[in-house]
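Residues per chain are reported as follows:
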Amino acid sequence: MLNLVLSLLLAGIPVLPRPHEDVEVGKIDPADSTQCVTICNAPAGNGWRSVIMSGQAHDNLLFLGPDTLVFVGSDYSGDATEYFEGASVWYSFDNGATWEKYNIAPTFHRTNYPDAHFDRTTNTPWFVFTIRTGNNCKVYATKDEGYAIGAPGLLTTYTVTDGIGTFGEWIPSIVAKGDTVVVGYMKFDLSIGACKTSFDGGATWSTEVVIDEGQTIDNPNLILVEPNTLVFYSFDYDIIDTVIFWKSTDWGASWTGPFKLESSAYVNYGFASWWYSYVGAVYQGKVHVLTVMSPAGYENGALYDYIFDPSDDSIEEQFVVGNIVLDTTGTYNVDVPQARTPSVAVTQDGNYLVTMFMNYSSDWTTTDPYFMVYDGTSWSPYAPVFSIQDEFDEGRGDFSSTVYNDGGNFNFYFVCSSRDNNYQTVYYANSQAVSVNETRPASLALNVMPTIVTSGVNLEFALPKTANVDISVFNVSGQKVANLYTGTLNAGTHRMAYDANFGKGIYFVTLTVDGNSTSRKILVK
């Protein structure tokens, strides 16, 4: 009966605190300055544009060191049409308790998808942003030459692109190492990726390099794999079901690729992503793109990790979290747990990859940020980031692409713009310290797919430690009709597939781990 057992072992992963399902924790209170502070105001309905994407390719909240943060975005201009006040950066040297604003560009405009990069070789923060006048966008890059000498705010801005075509260049990202700076972006009229490079610290820029004129893209992302490999990635423009990578080893002068992988979520369930639902970071020499794959017309979905290895151009897909169900109409959908607007980060010591995402409560009434940790082998169970309870909906948010591991705690840094006030403010939630070693209460999460079964059934569950496991099937009278598995399994995420050959009817698949049980109902047709 057992067709497949796939166990992803968990080696040295931190034990996470707090129960990770059926709990109402994780809110922040904008009225309480001990919980969060306001960084800047935003035009009604548009504050999410500063914080919608995050990761090393689209990061607007940088961790520069203990207690030191910088945010790049735009204040509300007060103008009804050109409603963003250029671009600005805000520094905090007290772990986000207070912020000081420095203006970069004064031109009022209507779009705002900035990125920031900290060049640790020179101790220099770099920022990239667009200014949109009418419909046309141009890309600008700014470096802060004062931060390295203790005088932040000494800003120099360079024009990168020329606004070619009707709409120009959009959604830039930036990397910098010494005097070499590369900016990637999308040529909006053509929906293709391009880049420009400066070898003199931004003073002059190369001729534009089109990365692949034969491949339309959805959202451009540029990332640096040390020491000198650039990776440009996106999903396809048409369906947003295929992840695509290119790489350059000459700082953007030439590119190889595309290297593609169609998501199994699209092949098996018809799910696709959204332009702001995938984010990337480099971990152990590979690019991890955390991606929410969703049913049509729905933002929330299942979270996957697409792993590109530039050493051999291979792409691996990992399922991370989500509950995919088959509804009564025969359509695949998602239940709790599910993910929305993911972020991804790496601990400053390079030991762990961390993903953060919004997830509904079990009763579908509220949403909270949750996180999971990857140690190079497997993902931990999901747990809430915040321990404060209230009714505030964090809406769109951006976690810094660095999580600070101080040896005893994971410290998270989070900005958000909430639909609770029509996205009119960007909040900073005071850094959240999550104990690495605190014992997490035992809680089981069993995912069964599909729930309306015609032939086979797939199970997925995670174990925080090695345990005795029993998986059995019971009918509505409580009688055991099948034993699917009995034995000892190691810590980690386990995926199993079985034939559902116990007759038509309603059944309960029951997972028992060291005496604790949880069940999921299925209908065999």
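We now turn to the structure provided with this report.

### As for the overall build of the protein
Thought 1: In terms of helices and strands, the protein carries 1 helix and 40 strands.
Thought 2: Here the protein holds 525 residues, and the buried ones make up 62% of them.
Thought 3: Relative to all contacts within the protein whose residues are 6 or more apart in sequence, the contacts with residues 24 or more apart total 57%.
Thought 4: Put simply, the protein shows about 18800 Å² of open surface, and 49% of that area lies on carbon and sulfur atoms.

### Points about the packing of aromatic side chains
Thought 1: By the definition in use, this model includes 35 aromatic pairs.
Thought 2: Geometrically, the ring pair formed by Y83 and F84 is edge-to-face, given 5.5 Å between the ring centres and 70° between the ring planes. No difference in accessibility class separates Y83 from F84, as the two residues are buried.
Thought 3: Here F235 and Y278 contribute two aromatic rings whose centre-to-centre distance is 4.7 Å and whose plane-to-plane angle is 45°, an arrangement assigned as tilted. Here F235, found in strand β16 (residues 229-235), pairs with Y278, found in strand β19 (residues 278-283); they are 43 residues apart in sequence, far enough to count as distant.
Thought 4: The exposure class assigned to Y278 is buried, which follows from its relative accessible area of 0%.

### Things to note about the sheet that holds strand β13 (residues 192-198)
Thought 1: Overall, antiparallel pairing links the 4 strands, which are arranged β11-β12-β13-β14 in an open sheet. In this open sheet, the two strands that pair with only one neighbour each are β11 (169-177) and β14 (209-210).
Thought 2: Where β11 and strand β12 (residues 180-187) come together, 7 bridges link them in antiparallel fashion. Residue pairing in the sheet places E169 in a bridge with K187 of β12.

### Considerations on the pairing of strand β30 (residues 402-405)
Thought 1: Bridge count between strand β25 (residues 340-347) and β30: 2 bridges; the pairing is parallel. Within β30, the residue paired with T347 across the bridge is V403.
Thought 2: Counted along the chain from β30 to the antiparallel partner strand β31 (residues 409-417), the turn is 3 residues long, and its residue G407 has a positive phi close to 100°.

### Re the pattern of salt bridges
Thought 1: In this structure the tally under the stated criterion is 9 salt bridges.
Thought 2: The shortest N-O distance in the salt bridge between E226 and K177 comes to 2.8 Å. Remark: K177 occurs in strand β11 and E226 occurs in the loop between β15 (221-225) and β16; sequence separation between them is 49 residues.
Thought 3: Residue class for E226 comes out exposed when judged on its relative accessible area of 52%.
Thought 4: Residues E208 and K187 are paired through a salt bridge, measuring 2.9 Å at the closest nitrogen-oxygen approach. Residue E208 is found in the loop between β13 and β14, and its partner K187 is found in strand β12; the two are separated by 21 residues along the sequence.
Thought 5: The network of salt bridges with common partners includes D75, E85 and K101.

### Concerning the pairing of strand β21 (residues 302-309)
Thought 1: Here β21 lies mainly inside the structure; 8 of its 8 residues are buried.
Thought 2: Burial along β21 is two-sided: the face carrying A302, Y304, Y306 and F308 and the face carrying L303, D305, I307 and D309 are both buried.
Thought 3: With 7 bridges connecting them, strand β20 (residues 286-293) and β21 associate as antiparallel partners. Bridge pairing in β21 links V289 to Y306.
Thought 4: Pairing geometry for β21 and strand β22 (residues 314-321), over 7 bridges, is antiparallel. Looking at the pairing, D309 lines up with S314 of β22.
Thought 5: Counting the residues in the hairpin turn of β21 and β22 gives 4 residues, including D313, whose phi is positive at 65°.

Rules behind the numbers
- Residues numbered from 1 in each chain as written.
- Predicted model: local features only at pLDDT ≥ 70, side-chain atom pairs only at ≥ 80, totals over all residues.
- Heavy atoms only, no water.
- Helix = DSSP H or I, 4+ residues; strand = E, 2+ residues; numbered from the N terminus.
- Buried < 20%, exposed > 50% of the residue type's maximum accessible area, 1.4 Å probe, protein only.
- Contact = heavy atoms within 4.5 Å.
- Areas by Shrake-Rupley, 256 points an atom, 1.4 Å probe, with all protein chains shown as cover.
- Phe/Tyr/Trp six-rings, centres within 6.5 Å; stacked < 30°, edge-to-face > 60°.
- Pairing = 2+ DSSP bridges.
- Salt bridge = Lys/Arg side-chain N within 4 Å of Asp/Glu carboxyl O.

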